[in-house]
Amino acid sequence: MSGSRIDALLSEMTLAEKIGQLNMLAAGFSVTGPIIGGDATGAVREGRAGSLLNVFGPSSVRDIQRVAIEESRLKIPLILGFDVVHGHRTVFPVPLGEAAAFDPALWEATARASAREAAADGVALTFAPMLDVSRDPRWGRVVEGPGEDPFVHALFGAAKVRGFQGDALDDPSTVAATVKHFVGYGAAAAGRDYASTDMSERTLRETYLPPFQAAIAAGCAAVMPAFSDLSGVPMTANGPLLTSWLRREAGFEGVVISDYNAVAELVAHGVATDLAEAAALALRAGVDVDMMSGAYERGLPDALSRGLVTLAEIETSVRRVLQLKERLGLFDDPMRGLRDQGAAPLLAEHRPLAREAARRSAVLLSNRNDILPIAANPLRIAMVGPLGDAPTDMMGSWSGAGEARDSVTFLRGLREARPDCDIGYARGVGVDEAEEGGPDAALELARAADLVILAIGEARDMSGEAASRTGLDLPGDQANFARAVLALGRPTVVVLSSGRPLAVPWLFERADAVLATWFLGSEAGHALADLLTGRAAPSGRLPLTWPRSVGQVPIFFGERPSGRPASDGHYTSKYIDLPTTPLFAFGHGLTYGHVRYASLSVEPSRPRRDDAISVSVELANEGVHAAEETVFLFVRKPVSRVARPLLELKGFLRMGLEPGERARGVLTLPVSALAFPGPDLTSSVEPGDYEILVGPSADRTRLLRQVVHIEEGGA
Ligand code: GLC
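Residues numbered from 1 in each chain as written. Predicted model: local features only at pLDDT ≥ 70, side-chain atom pairs only at ≥ 80, totals over all residues. Heavy atoms only, no water.

1. Some points on the overall build of the protein chain
Scanning the protein chain for helices and strands turns up 19 helices and 25 strands. Taking 715 residues into account, the globule formula puts the C-alpha radius of gyration at 27 Å, and the protein chain, at 26 Å, falls close to it. In terms of overall dimensions, the protein chain has C-alpha extents of about 75 × 65 × 45 Å along its principal axes. Among the 715 residues that make up the protein chain, the fraction classed as buried is 62%. Put simply, 77% of the contacts in the protein chain that link residues at least 6 apart link residues at least 24 apart. As displayed, the protein chain offers around 25,100 Å² of accessible surface, 50% of which is attributable to carbon and sulfur atoms. Distance from the positive charge centre (70 side chains) to the negative charge centre (89 side chains) of the protein chain: 3 Å. (Helix = DSSP H or I, 4+ residues; strand = E, 2+ residues; numbered from the N terminus. Rg over C-alpha atoms; globule rule 2.2 N^0.38 Å. Buried < 20%, exposed > 50% of the residue type's maximum accessible area, 1.4 Å probe, protein only. Contact = heavy atoms within 4.5 Å. Areas by Shrake-Rupley, 256 points an atom, 1.4 Å probe, with all protein chains shown as cover. Lys, Arg positive; Asp, Glu negative; His and termini not counted. Charge placed at Lys NZ, Arg CZ, Asp CG, Glu CD.)

2. With respect to the nonpolar core
In terms of nonpolar packing, the biggest core is built from 135 residues, with Leu52, Phe182, Val183, Tyr296, Leu300 and Phe634 touching the most fellow members. When residues no more than four places from it in sequence are discounted, the contact partners of phenylalanine 182 are Leu209, Phe212, Val223, Met224, Pro225, Ala226, Met235, Leu241, Leu242, Trp245 and Leu246. Within the second largest apolar cluster, 41 residues are counted, among which are Val363, Leu486, Val494 and Leu502. (Core = buried A, V, L, I, M, F, W, Y, C linked by side-chain atoms within 4.5 Å.)

3. Section: the sheet that holds strand E16 (residues 513-516)
If you walk across this open sheet you meet the six strands as E11-E16-E15-E14-E12-E13, and the pairing is mixed. Single-partner strands in this sheet number two, and they are strand E11 (363-367) and strand E13 (422-426). Averaged over neighbouring strand pairs, the angle between their axes works out to 15° when direction is ignored. Note: E11 against E16, four bridges, orientation antiparallel. Among the inter-strand pairings, valine 363 is bridged to a residue of E16, identified as alanine 516. Sitting on the sheet, helix H17 (residues 478-487) is in contact with strand E12 (380-384), strand E14 (451-457) and strand E15 (492-497), with an inclination near 170° to E14. (Pairing = 2+ DSSP bridges. Axes fitted to C-alpha atoms, helices over the stretch in contact; angles between N-to-C directions.)

4. Regarding the domain arrangement of the protein chain
Here the protein chain is described as being made up of domain 1 (348-552) and domain 2 (595-710). Every contact between the two is made by five residues of domain 1 and, on the other side, eight residues of domain 2. Its largest share of buried area at the contact with domain 2, domain 1 owes to Arg360, Ser539 and Arg541, together 77% of the area lost on that side. Joining domain 1 to domain 2, the criterion identifies one salt bridge. For glutamate 629, the salt bridge is made with arginine 541, and the minimal N-O distance between the two is 3.4 Å. Remark: the boundary between domain 1 and domain 2 carries three residue pairs in polar contact (both at pLDDT 80 or more). A per-class count over the side of domain 1 that touches domain 2 returns two nonpolar, one polar and two charged. (Domains from an automatic or database assignment. Buried area = accessible area lost by both parts, 1.4 Å probe. Salt bridge = Lys/Arg side-chain N within 4 Å of Asp/Glu carboxyl O. Polar contact = N/O pair within 3.5 Å; in protein donor to acceptor, adjacent residues only side chain to side chain. Nonpolar A, V, L, I, M, F, W, Y, C, P; charged D, E, K, R; others polar.)

5. With respect to H17
What H17 keeps buried is the set Gln478, Ala479, Phe481, Ala482, Val485 and Leu486. Angular distribution of buried residues about the axis of H17 spans 160°; they occupy a single face of the element. Positioned one or two residues after H17, glycine 489 has a phi angle of 75°, which is positive. (Arc of directions from axis to C-beta.)

6. Some words on the sheet that holds strand E18 (residues 612-621)
Judged by pairing direction, the sheet is antiparallel, and its three strands sit side by side in the order E17-E18-E21 without closing on themselves. Whereas interior strands pair on both sides, the edge strands pair on one side only; in this sheet they are strand E17 (595-603) and strand E21 (662-670). With direction set aside, neighbouring strand axes in the sheet form an average angle of 20°. Sheet topology places E18 next to E21; nine bridges connect them, and they run antiparallel. What sits directly across from valine 615, in E21, is leucine 667.

7. Considerations on the packing of helix H6 (residues 104-120) against helix H14 (residues 346-361)
At a minimum axis separation of 11 Å, H6 and H14 run at an interaxial angle of 150°. Relative to H14, H6 is oriented roughly antiparallel. Remark: the crossing between H6 and H14 carries left-handed chirality. Seen from H6, the contacting residues are Leu106, Ala109, Thr110, Ala113, Arg116, Glu117 and Ala120; seen from H14, they are Leu346, Leu347, Glu349, His350, Leu353, Glu356, Ala357 and Arg360. Split into classes, the residues belonging to the contact of H6 with H14 amount to eight nonpolar, two polar and five charged. (Parallel < 35°, antiparallel > 145°, perpendicular 65-115°, else oblique. Left-handed = near helix turned anticlockwise from the far one by under 90°.)

8. Re H14
Given a rise of 1.5 Å per residue, 16 residues ought to cover 22 Å, and the 22 Å separating the end C-alpha atoms of H14 matches this to within 8%. A maximum bend of about 35° is found in H14 at proline 352. Buried within H14 are the following residues: Leu346, Leu347, His350, Leu353, Ala354, Arg355, Ala357, Ala358, Arg360 and Ser361. (Expected span 1.5 Å × (residues − 1). Bend = angle between axes of the 7 residues up to and from the residue.)

9. Some details on the packing of aromatic side chains
Taken as a whole and judged by the stated rule, the model has 19 aromatic pairs. Seen from their ring centres, phenylalanine 102 and phenylalanine 586 are 5.9 Å apart, and the 90° between their planes marks the pair as edge-to-face. With phenylalanine 102 in the loop between helix H5 (95-98) and H6 and phenylalanine 586 in the loop between helix H19 (524-533) and E17, this pair connects stretches of sequence that are 484 residues apart. By the ring-pair criterion, three or more aromatic residues cluster together here, those being Phe102, Phe151, Phe557, Phe586, Phe632, Phe634 and Phe652. A cation over an aromatic ring shows up here: lysine 637 above the ring of tyrosine 690, its NZ or CZ 5.2 Å from the ring centre. (Phe/Tyr/Trp six-rings, centres within 6.5 Å; stacked < 30°, edge-to-face > 60°. Lys NZ or Arg CZ within 6 Å of the ring centre and 35° of its normal.)

10. Considering the side chain of aspartate 132
Residue position: aspartate 132 is located in the loop between strand E4 (125-126) and helix H7 (150-165). In this structure, aspartate 132 is buried with no salt-bridge partner, the nearest side chain bearing the opposite charge being arginine 141 at 6.1 Å. Polar side-chain contacts of aspartate 132 include one of 2.7 Å to the side chain of histidine 181.

11. Things to note about the layout of surface pockets
What the largest pocket holds in volume is close to 1,200 Å³. Counting residues per element, the ones that place at least two in the lining of the largest pocket are H7, helix H8 (201-217), helix H9 (239-249), strand E20 (648-657), E21 and strand E22 (676-677). When its residues are assigned to classes, the lining of the largest pocket shows 26 nonpolar, eight polar and 14 charged. Size it by volume and the second largest pocket reaches roughly 910 Å³. Looking at the second largest pocket, it is lined by 31 residues, and the ones nearest its centre are Glu559, Thr580, Thr581, Pro582 and Leu646. Across the lining of the second largest pocket, the residue classes tally to 16 nonpolar, nine polar and six charged. (1 Å grid on protein atoms, 1.4 Å probe; cavity = no way out; pocket = protein on both sides within 12 Å on 5 of 7 lines; lining within 4 Å. Points joined across faces, edges and corners; volume = space filled by probe spheres on them.)

12. Let's talk about unusual backbone geometry
With an omega of -5°, the peptide bond running from leucine 372 to proline 373 counts as cis. Along the chain, proline 373 turns up in the loop between E11 and E12. Cis geometry is found at the peptide bond from valine 553 to proline 554, where omega equals 5°. Positive phi, normally seen in glycine, also occurs at asparagine 54, with a value near 70°. Along the chain, asparagine 54 turns up in the loop between strand E2 (51-53) and helix H4 (58-71). Classification of asparagine 54 as buried rests on a relative accessible area of 0%.

What follows is the structure in structure tokens.
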């Protein structure tokens, strides 16, 4: 539909029909917020809703789209949106887990597969990727994004947009991506979801905006503002960021879709008296579509008559929505990618990818005496704990159209992989409730075993939206159960499922090995079995810092220096009750190999502004198993006009190494990547010395370091 056709359609529309295109409703059967969906069908028939969320599947989509294109007056097709965050029917690892693979190609591939399945079920737009940098694991939504680092977020977000959107949105196997939640949502006060955020312009520009810039540069079709305020201005009414930065500075030309009920919540934020004022604030700030609050439908006519908005402003948003429908090809084919069988037939095809993604998302945190991989001879194995046979929890939060019956549990996966072993299972304890009959059966099973697999952690609903925790402990009575199991003195491997790091130092001291498995999705059990048996080697690396205690939070590697750095000295930036160092650094993760780093080379040592710096390092696998190593490249400017973070991540590289193999890994660092906002917040490369640091994690004691000098900087 060309611009003139959109203008022609606009000219036919009544005010109610124009506002209808800006109104997104949740279908009655599934809501993801506090307001329950009403009569969406009637609204569609009367042209009062231009898009719906949470509708998918051949019959539902066909029925509601037919109401739109056959029964409404102007027959404008609907956009159907859904939270396809880490899979649709095939559930991939939660984003925090998948980030551990440090592989943009994998991140793109799983988004591509998810889009194919969602489009087959009639979905045209996903509310993903979520790119909220988070350094506070109390915040439940830390599970939905790729961790603590903006560089990783930028690569993850661009990969997801490419995967979801493919080469063009008129390809019926794609979905429009909605990058969210713009911006700063992960900095919620006290780690409490929906709480206020407050930060400097510098932190905003250095940490929270770059991931959105990358997603926009990758062409994402939509943006969703955060529920939260940013330093007192709710994002849903934040004109400077939604219009000045987003559309003018970042060049975004797509559609801004509010979060669920967020427009009406401007009243609760205390910046609007009534729905009309809330609607006017949001529309004028740059929010095109009102998800589910009814503020646009009920408030905009009043706002128009009170002169709070103009018809032209309304029509600007309507035009953006119609242009997105046109880009999606909905005017030509309203059923778009819908298949008679929906997404279900694609599940089998995508299982191998789900298994590979799950394998590469698990992080081997500890492996004392190389207890893993498990021995090849038949063993009596006791699997105990509430996450050992938990198909629903394996899917994690925001599991899309995933069905628990499609999940391969840890127990099933291990039994299939090792039929020669006698593998018993007993829960012993619930996730946060006691087990009927108590732990005795599980303890008996463990006591008689050659090997114990202790599958513990969080339930899937203990992270995600509205699921912040004050502590980072094992929920319920699991700690006591785990201590009792470990006290038996049997070789014990802990499989820790969670939506956040759990601060349980005592567990790592006593267990022989610990695998962080996050929530690995539909193929969790097969992936775990591949890793435990050595059919595949662990390669995941932590995408966020793992604290010793919740008292250390926020804790992240990119903090700025103190004038009194932590040391043994009394008057230094330390705690008196714990070390300031984390339990595990960002990037930590063991393989079954033993990789040594040596001979860092950085050329040229005096690069010019337009140069690229070549960084190479030698790796040697001194172990007896193959290893896939992830090498991290950090920089630090030790002296600058503005104090720079202790480390900034600027690259990473994955290398496979056979036993005994040594090889050089090479990373390229453009000098332009060293730019940062100066005292006046304009970004430029500052001349001077820069440390180039390379190693297996953000643990500074393990980094090789060289200094380069940049003579002349510049924008
Ligand atoms: C929820 C979430 C958002 C999601 C939307 C639609 O409240 O904040 O991430 O996309 O509503 O489900």
